[in-house]
Structures are given as structure tokens and as C-alpha cells.
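Architecture and fold: a report
So the chains spell out like this:
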Amino acid sequence: MSNRFGALKLGKWGNRALAGAVIALAIVFPLFFGKADGWVDDMTLSLAYVVMALGLNIVVGYAGLLDLGYVAFFAFGAYCTGWFMSGFFANADVHVGVSKFAQVLPGIHLNWLIVVVIAIIVCAVAGIVIGLPTLRLRGDYIAIVTLAFGEIVRVFAINGDEITLPFTNDAKLTAGRQGITPIDPIKLPGLDPFNPLNLRPWYWTALAMVLVVLFVNIRLRDSRLGRAWIAIREDEVAAASMGVPLVKTKLLAYAAGAAFGGISGTFLGSYLNTVNADQFAFSFSIFILAMIILGGLGSVWGVVVGAVALSLINYRLIPDVLNDVPAKLGLNFQLADLSFGIFGFLLVIMMILRPEGLIPERRRQLELREGVGAGTEADLVEVSHT
Amino acid sequence: MSAGGRIRAWLNKYGLIILLLVLPVVYGIQDLSQDGNLTRIANNLFSGLSNGSILALIALGYTLVYGIIELINFAHGEVFMIGSFTASQFWALIGVGLATGVAGIVFGLAASLIVAMVVCGLLNVMIERVAYRPLRAAPKLAPLITAVGMSFVLQNVGLLWLGGSPASVDDVIHAQQEVFSVFGIVVSRADLLAFAVTIPLVILLTLFVSRARLGRAMRATAQDPEAARLMGINVDTTIALTFLIGGMLAGAAGLVYALYQTTIWFFQGFQAGLLAFTAAVMGGIGNLKGAVLGGLIIGCIQQISDNRIGPEWTPAVVFAYLILIMVFRPQGLLGEETREAG
């Protein structure tokens, strides 16, 4: 099999040099633009989505558990910022490590780093809770149960203003469609003040988040646990009979994936300055899933490329570049309204032309070529696209 | 057998039935203890059945496709939505001139029904040809993703067609008008229409699958495509036929839904599709009787939840049911134990 990515076949040191160059470029990137330039804004969002995509990649790409309700963890993470970094619980008076400005506001105001830790715990627990009912299920049924959980979380987010929390003085669960706003900006030592007029610190925080998560992701993949995930993905029965504990391994995949989603959720909650129930639609789960499939399931670098590419398509190409095309052709609609239709189209085309993604994981590529796991017809039908 | 084992066996056998009865029994007791009047719950159950029969039609499409190629056809709900749009638009185009008397209305409705069924059947066959057939040999994730992709594409077709907000449909049959009532259960025209369309279709489908030559070919392909091919069955044609039938049922459901609810919008396919899929899974996916049973049950749960808990909570209630069913009976109500397959 020939390597179509000959340029990437650079050997160990060549790869490291390339990675180093990309990271260096990513660090200086915002210096080429104004402090609040649209490009910095879009890239910050893409980086936050990279974190989410890397998390989903653990569940779907490594462990092979199709999760269609991933948006739930974005929701949990975002609500952690909503609850602990804003004046939402107006009766509470807790301030830990926040700026002088937030010090005098009512509500719970914790430093972002503390909220990240809380979100990781909350999401890991939620991931396990979602994982438990799927343990006895087959592949497609997992998709449906996770989808159901995602929808339940959304329904609770929308109607959370009807629920009064116990032991509180009339505190609600969420603010429903109105959203919780404003949310404290992140405060980190050493960086400029985070505000909408200066996006650079936001960008660098997101980049740091991506680098940490990338590192953890790669180490996890190569660890004993990562091998167990891949073993389960390849053949659950064989893995179990070789001594891989199925329950524990699957639940850890859900927990780890969920935790990454939560981290990204806390960042986005603060960056977007609102936590709003409408953010957590099913289509967002598919948006993230499309990123990892476009990039190449299971392949870390592919996922990064896929996430950046899709979010740039969504936030730059469609609204800014292509939006007026239908109007110029005399059609009465804006392309931005149809972004998910375009996504759908992309997904279909992508799956048919390159089911292994832009930068396929080598193992999965082999698997796809051989057609392993494709059921009875696989042995007879040759996969024609190479 | 140990006590724990016995309890577990008992739970596996009856747990699901107990679970399904929770909502009706709780609210039935509430009605009895408050005013001793059970018509409220009876009415809910009845409109649940008529509403659920529409869901059953959609669920049949899911179950047929899953039975034959083990694919969750996510685009099916959107096909149903397109069916609604087609039927109501065709009616608006043709029906206005015809809708002079009862005969005109019946004829117009029959024509719209046929048009919707043909359009949806062909649409479904086309989707299969474009999005699923090239991926027959790929791992199962790939066609599932294209299915989701197709559903987004169709949703946006609907969005372009009638815009983002719900459009109202001419209430030609006066859907909410009472026809008669038995023991306080009000039977409306919409209920009668739903039963009049769904019951014959379900009977026809059952007869087709069990008696007709092509139906037998479908069952054979579902069992083992390779053996079926060796026995001289054209597998590709059979699969296309399955999609055609599934699409036609969705089209019929689309017309009934449009007349029943008197509003249509591009997102209805997603919601109804999820409910119908839940119904198919609940009944045991791949099982035709199960899909109908599941549809009726989900319809009842939905109706009770709409009226007694609040429509905004209904999705959560239905999905909570789905998850609990998956926990108690992963194979569904009438489904068979399935082997673990990758």
C-alpha cells in the first residue's frame, strides 16, 4: 500500500520538527492580526472545538462506542461556568481567586481553573452514568441511548427554570432559553486581561488547552488503557477473552471523553459569555462527530485538522465568503441558514469518497481496506475507492 | 436458583411491562382519588392510540430497513416530513378546486395520499442508491453517518421549501370535530382518519411480507443476504424494494400527520422520527408487530405526558422510557436475543 501522504513521512525527528513548527506558528498566529480580529475569534472557537473533538475521538475513535449525545458534556461544562462563574445564584456569596471587579458581585465566582476541575469531575461522573445502560447493548443501540441522554439533558436545560433546587432559597437549575449571562471572564496570572476587545489571551488559553489535551490524548492512546480501547473496538469478544475488563474499560472511555468535553464547555461558557439552552442541540453533537470523521477516526492529528477545517468552514467560509452566492444567483436565501444542510452533504460525500477521513489512522485504514467488520458481504465486495 | 437470580429473572420478564404501566396507572389512580372520573385517562389513551398509529407507520419503515441491512436509517423521519409537505402542497394545488363536496374531498385526499406515497417511496429508494449502496462493504459506522448527513440535507430542503416556522394546513376534514363518543371517550374525525389509513396499510404490509413472493425474498435477504443471493434472489432489488415500501408508509404517515396536526414544519421529521425509532426499538427492531406495538405504546406515553406532565417535558419522558427499556430488555418487547455483533 502506497502512502499518499508522502510529505508527512518524515521519520521521527522530521515529524517532531513539523509538529514544533506548527505549534510555534500557532503561538504567534494572533500577533499577525488585530487584538479583536475576526480571525482570532474564529481560531479561538476552532481550538475549543478541537478539544471537544479530541474528547469524542476517545469514545468513538479509540473505543468504537458511537456517541451521538456528546453535546451533553459541552452542556455540563458550560453550566459549570454558568453556576460557578456568574451571579446566577444571587443569594450565594462565594468568591475564590477572582478579579477585583468580580469580588464585589453577588453570586458564586470561582477562578476558572477551579471550575475546570469541577467540570472534569461532573462530566466524568455523567459519562459513566450515560455509559452504564449501554454496556449490554450493540453498536447502533449505543448511538440511540447516548442520543436519548443528550436530548434529555437538553430538555432539562430548556426547562430548568421550572425546577427549583432543593435546600436553596428559590434557586433555579438553569435560566432556560434566556441563558445565564454575563459570565466572568477567565482570569489567569501572567496574561493580559481577558475581555472582548482583546482576544489574544483567550486564544492562547485555548491553545494551551489543546496542547495539554493533545498530550494527554496521545499518552492515553499509547497506554495500557488505550490498547484496551482499541482491542475492544476491533473485537469485543476477543478482547474480553484476552482479559480486557469490558465494563471498566468502556466506562473509562466515556469518562475520559466526557471530561474533555467538559473542559471545552467551561472555556466556551466563559468565552461566549452566555450559557443558553439552545446551544445544546443534537446537531452540535453531529457537528463534532463530523469533525472527527472528516479528519480520520482515531487519528489524533486528523481530528485536529478536521476540527479546525470544519469550524472554519462553518464560521468563516459559509457566513463570510459563500453567504451571498445564492443571492447573486437570484435565489432568496442565505447560505448560513443552511449550514447543516451543507454539513450533511459534506458528510455523505466524505463517507462515499474517503470513508477513512483526511488523515486516516493507519490501523483503521487497513481495516477499512480489508473490509473487516462489514458483515457478510464484505468478503465478496471489493472496496473500490483507494 | 438463588433469590437474587430469581428476582432478576422475574424483573427481566415483567419489569418492562410494569414500567410501561407506570404513567397510565399513576395518573389513573390520581384521577380516581380526586374525582373518581377515569374518562380523562381513557381519552388520553385513546388519542394516544390514534396518534401512535401514525408513529407505527413511521416505525415500520425503520424496522423494515433495519431488518434487512441492519442500518438505523436516520433520514427516515425526514422522508416522512417531505411526505407531509408533498401531500399538503399537492392538496393546496389540486384540492381547492375539488373540495366542493364529500366525494371531492375524499377523492382529493386519496390522490394526495398516493402522490405522497409515491414521492416518498422514490425518494427513499434514491437515498438508498446514493448514500447507502456505495457503502455496503464499509464498516457500519459509515452508512450511519451518511444517514445522518442525508437527514440534514432533507431537513434543509424542507427549510427552503416552507421556511423556518410552522406552516398551517387547510383543515379540510375538520379534524377536531367529534363524530361520536363512547363512555366519555371522544372520537374525532382525525382519529378515524388515522385508523382508516393506518390499519389497512399495516394489514397489507403484513400480508405482503408473509404471503407475496417478493415479501418472501425480503425475509430471506434479511436472514442471510449471501444465501438469498445463491438462491437466485436479486439482493439489490430486494433492498431497494424494502426502501420503497418503507418510504411509502412514511409518505402515508406524512399525509395523516398533516391533517391530524394541521401544522407542518421542517423539524417535525426529526421529532417524529426519533419517537418512531424509539417505538421500533421498544418493540424489538426488525420485528414488524413490535414496531406497531411500540408505536401505539409510545403514542400513549406521549399523549399522557403531553396532557399531564407538560409537552415541554415529553421528549425527556419518552427517552427516559427508551433508556429504561434498553436496561431491562436490550432486545425490545417482541425482539429476539441478538448476538453481539461488531
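Residues numbered from 1 in each chain as written. Chains lettered and ligands numbered in written order. Predicted model: local features only at pLDDT ≥ 70, side-chain atom pairs only at ≥ 80, totals over all residues. Heavy atoms only, no water.

Rules: UniProt positions are given in the numbering used here, feature names are shortened, and annotations may be inferred rather than shown by experiment.
Going by an unreviewed UniProt entry, chain A carries the name Branched-chain amino acid ABC transporter permease and comes from Capillimicrobium parvum. Taken verbatim from the UniProt record of chain A, the Subcellular location (unreviewed entry) comment is "Cell membrane".

**Points about the overall build of chain A**
Which entries qualify depends on this criterion: Secondary structure elements are defined from DSSP: runs of H or I of at least 4 residues count as helices, runs of E of at least 2 residues count as strands, and each element is numbered from the N terminus. Only protein chains enter the area calculation, which uses a 1.4 Å probe; residues under 20% of their type maximum are buried, those over 50% are exposed, and those in between are partly exposed. We call two residues in contact whenever any of their non-hydrogen atoms come within 4.5 Å of each other.
Scanning chain A from N- to C-terminus turns up 15 helices and three strands. The buried share of chain A, reckoned over its 386 residues, is 54%. Restricting to contacts in chain A with at least 6 residues of sequence separation, those with at least 24 account for 71%.

**Regarding helix H12 (residues 300-322) of chain A**
Residues and elements named next belong to chain A. Rules: Working definition for bend: take the seven residues up to and ending at a residue and the seven starting at it, fit an axis to each, and measure the angle between the axes.
Residue Ile 313 marks the point of greatest curvature in H12, where the axis turns by about 40°. The complete set of buried residues in H12 reads Val 300, Gly 302, Val 303, Val 304, Gly 306, Ala 307, Val 308, Leu 310, Ser 311, Asn 314, Arg 316 and Ile 318. The secondary structure elements touched by the buried residues of H12 are helix H2 (38-62), helix H7 (200-222), helix H11 (282-295) and helix H14 (339-353).

**Considering the interface of chain B and chain A**
The cut-off we apply is this: Accessible area, probed at 1.4 Å, shrinks when two parts are joined; the buried area is that loss added up over both. Think of a salt bridge as a Lys or Arg side-chain nitrogen and an Asp or Glu carboxyl oxygen that are within 4 Å of each other.
Each side of the interface is counted separately: chain B has 50 residues, and chain A has 50 residues. Taken together, the two surfaces of chain B and chain A that pack against each other cover about 4,700 Å², and 74% of this comes from carbon and sulfur. Inspection of the region where chain B meets chain A yields zero salt bridges. Going through the elements one at a time, helix H4 (102-132), helix H5 (141-162), helix H8 (225-230), helix H10 (268-283) and helix H12 (314-328) of chain B are the ones with two or more residues in the side of chain B that touches chain A.

**Side note on a nonpolar patch on the surface**
To be explicit about the condition: Each patch is assembled from residues with relative accessible area greater than 30% and no salt bridge, linking like charges that lie within 9 Å and nonpolar side chains (Val, Leu, Ile, Met, Phe, Trp, Tyr) that lie within 5 Å. Here the accessible surface of atoms and residues is derived via Shrake-Rupley with a 1.4 Å probe, and residues count as covered only by protein chains that are part of the display.
A cluster of nonpolar side chains, Ile 7, Trp 10, Leu 11, Tyr 14, Ile 17, Ile 18, Leu 21, Val 25 and Ile 29 of chain B, forms an exposed patch at the surface whose accessible area comes to about 830 Å². Locating Ile 18 of chain B in the fold gives a position in helix H1 (residues 3-35).

**Topic: the side chain of Asn 57 of chain A**
Note that Asn 57 of chain A resides in helix H2. If sequence neighbours within four positions are ignored, Asn 57 of chain A has contacts with Tyr 62, Ile 292, Leu 297, Gly 298, Ser 299 and Val 303 of chain A.

**Re the packing of H11 of chain A against H14 of chain A**
Residue and element names in this part refer to chain A. Note the threshold: Convention adopted: a line fitted to C-alpha atoms gives each axis, helices being fitted over their contacting stretch, and angles between N-to-C directions are expressed from 0 to 180 degrees. Should the near helix be turned counterclockwise from the far one by less than a right angle, the crossing is left-handed, whereas a clockwise turn marks it as right-handed. Under the scheme applied, nonpolar residues are Ala, Val, Leu, Ile, Met, Phe, Trp, Tyr, Cys and Pro; charged residues are Asp, Glu, Lys and Arg; polar residues are all the others, including Gly.
Where H11 meets H14, the closest approach of the two axes is 11 Å, and the angle between their N-to-C directions is 35°. Regarding H11 and H14, the two cross each other, and that crossing is left-handed. Every residue of H14 that contacts H11 at Ser 283, Ile 286, Phe 287, Ala 290, Ile 293 and Leu 294 is listed here: Phe 340, Phe 343, Leu 346, Leu 347, Met 350 and Met 351. Looking at side-chain class alone, the contact of H11 with H14 contains eleven nonpolar, one polar and no charged residues.

**Overview of unusual backbone geometry**
All names here are of chain A. The linkage connecting Thr 181 with the following residue, Pro 182, adopts the cis geometry, with an omega of -5°. We note that Asn 273 has phi near 65°; this positive angle belongs to a residue other than glycine. Note that Asn 273 resides in the loop between helix H10 (246-272) and H11.

**Observations concerning the environment of Ala 240 of chain A**
All names here are of chain A. With respect to the helices, strands and loops of the structure, Ala 240 is situated in helix H9 (residues 236-241). When its relative accessible area of 33% is taken as the criterion, Ala 240 is described as partly exposed. Along the sequence, Ala 240 and Gly 160 sit 80 residues apart, while their C-alpha atoms lie 41 Å from each other.

**Here's the deal with the packing of aromatic side chains**
Residue and element names in this part refer to chain A. Rules: Note on aromatic pairs: the rings of Phe, Tyr and Trp (six-membered ring only in Trp) are paired at centre separations within 6.5 Å, and the planes decide the class, stacked below 30 degrees, edge-to-face beyond 60, tilted for the rest. We call a charge positioned above a ring when the Lys NZ or Arg CZ atom is no farther than 6 Å from the ring centre and deviates by at most 35 degrees from the ring normal.
Tallied over the entire structure, the rule returns 33 aromatic pairs over all chains. Ring pairing ties together the aromatic residues Tyr 49, Phe 74, Tyr 79, Trp 83, Phe 84, Phe 280, Phe 284, Phe 287 and Tyr 315, which thus form one cluster. Directly above the aromatic system of Trp 13 lies the positively charged group of Arg 16, at a separation of 5.1 Å from the ring centroid. Note that Arg 316 overlies the ring of Trp 39, its terminal NZ or CZ placed 4.3 Å from the centroid.

**Let's talk about the sheet that holds strand S2 (residues 93-96) of chain A**
All names here are of chain A. Our working definition: DSSP calls a pair of strands paired once it identifies at least 2 bridges connecting them.
Taken together, the three strands give an open sheet; going across it, the order is S1-S3-S2, and neighbouring strands pair in mixed fashion. Strands with a single pairing partner mark the edges of an open sheet, and in this sheet they are strand S1 (85-86) and S2. The sheet contact formed by S2 and strand S3 (residues 107-110) spans four bridges and is parallel. The residue bridging Val 94 from the neighbouring strand is Ile 108, located in S3. Packed on one face of the sheet, helix H5 (residues 112-131) meets S1, S2 and S3 and runs near 100° to S3.

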